[in-house]
Amino acid sequence: MCLTLPFVQPGSGRDTVLLSALWAASTWAFPLSLSLWSYLVAQSFVFAVEEINRSVHLLPNLTLGFSIRNSGCSAHGAVFEMMSFLTGQEEPIPNYTCGPRLPRVAVVGDTRSALSVPMARLLGLYNFPQVSHSSTLPILSDKAQFPSFLRTLASDLTSCYAVTQLVVRLGWTWVDILAQDDDYGQQASSLAAQELRQAGVCIEAHLYVPTQQSLEETEALVQKMHICTATVVLVFLNNSSFLLVLQGLLGLQVSGQVWVSKDSLYMTIALTLPGASEVLHGSFGLMVRGTQVPGFPEFLDHLHPSQTTEDMFIERFWEITFGCTWPPKNGSVARGVQFCSGNESMRSTENSSWEARQMDIAYTPVYGIAHALQDLLGCEHWAGASWPFLPQLLRPLRKVRFKTPDGTEVTFDANGDLVSKFDIVRGQKTPEGSFHLVHIGEIDPRASSGSSMTVHLPEDLQVPSSVCSRSCAPGFSQTPRQGAPHCCFECSPCPEGHFAEHTDVQRCLPCPEEQFPSPARDRCLPRTETFLAFEEPLGLTLATVAVGLAGLAVLVLGLFLRHRDSPVVRANNRALSHTLLASLALCALCPLLFLGRPTAVTCLMRQTTFAVVFTVAVSCVLAKTLTVALAFRVTRPGSRARVCLGPRASSSVVLVASLTQVALCGVWLGTSPPFPDRDADSEPRLVVLQCQEGSGLAFSCVLGYLGLLAGATFSVAFLARGLPAAFNETRLLTFGMLLFCSVWLAFLPLYHSARGKSTVAVEIFSILASTAGLLGGIFIPKCYIILLRPEQSTPAWLRPGQGVLWDRQGPGPRRRASHRPAPVCPGHRTPGPWAEDTQVLRVGLSTSVSAGDQKGPKKGELGRVPTAVVEGGPGSVVDGPVCAQCSRFHSDKSQKRADVSGRSSRRSIVGGAGVRPLHAGGCREDPSGTS
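- An unreviewed UniProt entry lists the protein chain under the name G-protein coupled receptors family 3 profile domain-containing protein, with Sciurus vulgaris given as the organism.
- Its UniProt record gives the protein chain a comment under Sequence similarities (unreviewed entry), which states: "Belongs to the G-protein coupled receptor 3 family."
- Listed under Subcellular location (unreviewed entry) in UniProt, the entry text for the protein chain is "Cell membrane".

Next up, the structure:
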């Protein structure tokens, strides 16, 4: 059906051009296939043309005429009416015009994208301008296909992107999409889904509504929506499909969903259904920032059938607006029918659809064409009056930039789309029960930063949430559910050392090295520096023990120096004993370097000092052990191996072993020395100040060498532990090294399992324990003899008949019942209480002279010269032992063997060369001795 309104007649001296408006009539409201909304939009077109013709500033010498045509909601009808407008014929013939006619300048329409596409393809061939006010299909922005198409609203691409920005801004992450199953619905919903997924929003269901759907299909669709858990539903439907879905939801009494659409027309039309406000309450819609048309409401108020008799649709508009019926022309009247009197007034009508301010959308396209004509009239080469239509208008129309009477700026982008803001409206019910669309914010694409639009909303706006999972509080991170979208997750607490400052974080972040997470793990707190200080109880205790142990070593050293001439001290090289005591005192003081705040100096001295002084101590023990062991095995007079028993050999062992460790430490310090470090991994809330060892290989070599030296010392001492003697140290050395090795073997697992400053405490404890083991195991028994049993450290203790044994039954010594004293062989003594068996006695009492005292025994002190003497000092001699059968007074053997034994003893005493140790069978003369 084509509706043609006569255009305004040209005035005197004014040219006239013709505009055409095409509208698609909907069939859901009116039997005569006229849409109420389309009719009101057509009235805004008429109002704009009349207002421009009355203006003295805009097109003062040109009159606009108009022709309003109905496309019949079909592509065929749209193309037919457009060709009829271009050719001026009721039955158009393409590319032909018949008779004189007014120039055609532009087409406004159509209302649907499906109808605008074929029109735009045909008009593009002629570069004839087409301006649409409601076609939003994104493909129409392609200027290669549609060069002459423009629109005074945003495309679906822009509006869908604006909808996604609104969804993201309101914090919705779980939505449903309801779209029409046609080009518009599929493209618009696909664009929205793509943008939502890129923004991190999950889509629970993407439902399509068939254009021609049955009741069963509608019920099935409504059931699917009913079981959906998303609160927000994005709508891309035409009006009739939206009403059908809404009716189905009202039948199931579904409420609580938030409907979001890229325009607000759905809500205004749907409010005609009873109870629709309950479903649409809280819904959101977008409207392109329209023009506030002054005078248009008054223009609508003056509409009356009597004033526009050529308008064949105004009577149907009047009937639907006032709910009456015009009397039939045949005179038949039905009962119960209210007739229209013509006295009704539009001023008393309240229509909720007017609240959407969408009926004036044709106002802006008409003004855009008028301003383009104004710019074209200013061109000297314009000769449009002689043309059937004006293709020259397209260029100025694309570049037009103007302001409407209300101050709204209008301009087109490179794609021919209007650059404008979006108004955000929300449906709300007033306390009186009425429903209104309230403006709550705006979206400004022109103020966008990067790829996002600027959304302005009130800070106190309250909206329902639409999420698959509740937000994870600070201190928790999202753990995706198996087989579910990423919006569905579980909240897991942050692991140790991590934090989550905000809600809904994908993963927790590690705290900086100098910080640790709070108990709630929602922020990081600064760590406290810590180290094993002197002031804390553990450090004070260890320092006290170290000083006390060093003082004890010094006291023992002083005791040995005071009794340096006693047999106990002189046994087995007293110089080594003094060196060992001094090194043990230093070992006890080493822990003081491990206490306190680490510095560059203390880090360099800690491990190196510890390694060197312990090497000296262990090498002293090794030298003493080797001396004792070799003394009982190297007995051949004149043997070169006897050189190993001299004092220089013992000193060489200590010196070589110590210098080797010093060399290793020097290489360590020269290549990669220790340095102060901050350990933030050992303890969660503390930063442990410690010394980093630098080169791990060098440190391992230093400790490995010390361990090898200790193992060798313990092995030698263990093998020599069974040598009998009165002052033989091998058992004491074995016991001391056993304690030493046990402590350091236990130290290794403890050291590697300890964390923080406990590592330093373990090493200090190991140093003190091993030092105490050596000091106590080797020297405490000797101190006991010196201080509490001084009679055991005298030559008389070993003289004939003076042997004293410890009486286990009483507190003091008792004299052992022995054989009657008898004369002794020269150089021999009475075997005493240790010679009752037939084993060889190896006496450890040293009565030989030390350095500077090499004159031999004094007169009358022949009994002081023992056999098997081991004195490591300078000028000492080593004599062979005398067996138990050597004395002729205690032997049942022949006198001949006794004489041989006597001569051998005298040679040993006089010559000082000693005798070779024998088994229990007797003595053998030393061929090197002299008589």
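From this point, things continue past the structure.
### Some words on the sheet that holds strand β24 (residues 686-692)
Working step 1: Within the open sheet, the three strands sit side by side as β22-β24-β23. Their pairing is mixed. The open sheet terminates on both sides in strands that have one partner only, identified here as β22 (528-530) and β23 (675-679). In this sheet, neighbouring strand axes are inclined to one another by 30 degrees on average, regardless of whether the strands run parallel or antiparallel.
Working step 2: Taken together, the three bridges between β22 and β24 define a ladder with parallel strand orientation. Across the sheet, E529 pairs through a bridge with V687, a residue of β24.

### Structural notes on the UniProt feature "transmembrane region" (unreviewed entry) in the protein chain
Working step 1: Residues annotated in UniProt with the feature "transmembrane region" (unreviewed entry) correspond here to residues 538-563, 575-596, 608-632, 653-671, 697-720, 732-752 and 764-787.
Working step 2: For residues 697-720, helix accounts for 96% and strand for 0%, while the C-alpha atoms at its two ends are 34 Å apart.
Working step 3: The span residues 732-752 carries 100% helix and 0% strand; its end-to-end C-alpha distance comes to 31 Å.

### Regarding the packing of helix α14 (residues 537-562) against helix α16 (residues 574-589)
Working step 1: Close contact between α14 and α16 brings their axes to 7 Å; oriented N to C, the two are set at 165 degrees. Taken together, the axis directions place α14 and α16 in an arrangement best described as roughly antiparallel. For the pair α14 and α16, the crossing hand works out as left-handed. Contact with α14, carried on its side by A546, L549, A550, A553, V554, V556, L557, F560 and L561, involves S577, H578, L581, L584, A585, A588 and L589 of α16 and no other residues of that element.
Working step 2: Looking at the contact of α14 with α16 residue by residue, the classes come out as 14 nonpolar, two polar and no charged.

### Comments concerning unusual backbone geometry
Working step 1: Residue D110 is reached from G109 by a cis peptide bond, and omega for that bond is 0 degrees.
Working step 2: Relative to the elements of secondary structure, D110 occurs in the loop between β3 (104-108) and α3 (113-126).
Working step 3: The phi angle at L59 is positive, at roughly 50 degrees, despite the residue not being glycine.
Working step 4: Note on placement: L59 falls in the loop between α1 (36-54) and β2 (62-70).
Working step 5: Using a relative accessible area of 0% as the deciding quantity, one classes L59 as buried.
Working step 6: Backbone geometry places D504, a non-glycine residue, at a positive phi of 55 degrees.
Working step 7: Inspection of the secondary structure puts D504 in the loop between β18 (498-499) and β19 (509-510).

### Quick notes on the sheet that holds strand β1 (residues 15-23)
Working step 1: Strand order in the open sheet formed by five strands is β2-β1-β3-β4-β5, with parallel pairing between adjacent strands. Pairing within the sheet leaves two strands with one partner each, and these edge strands are β2 and β5 (149-151). In this sheet, adjacent strand axes meet at a mean angle of 25 degrees when their direction is disregarded.
Working step 2: Where β1 lies against β3, four bridges are found, and the strand directions are parallel. Across the sheet, residue A21 finds its bridge partner in β3, namely V108.
Working step 3: Sitting on the sheet, α1 touches β1, β2 and β3, and the angle it makes with β2 is about 170 degrees.
Working step 4: Packing of α3 onto the sheet brings it into contact with β1, β3, β4 (130-132) and β5, and relative to β4 it is tilted by some 160 degrees.

Each value, and the rule that gives it
Residues numbered from 1 in each chain as written. Predicted model: local features only at pLDDT ≥ 70, side-chain atom pairs only at ≥ 80, totals over all residues. Heavy atoms only, no water. UniProt positions renumbered as here; feature names shortened; annotations may be inferred. Pairing = 2+ DSSP bridges. Helix = DSSP H or I, 4+ residues; strand = E, 2+ residues; numbered from the N terminus. Axes fitted to C-alpha atoms, helices over the stretch in contact; angles between N-to-C directions. Parallel < 35°, antiparallel > 145°, perpendicular 65-115°, else oblique. Left-handed = near helix turned anticlockwise from the far one by under 90°. Contact = heavy atoms within 4.5 Å. Nonpolar A, V, L, I, M, F, W, Y, C, P; charged D, E, K, R; others polar. Buried < 20%, exposed > 50% of the residue type's maximum accessible area, 1.4 Å probe, protein only.

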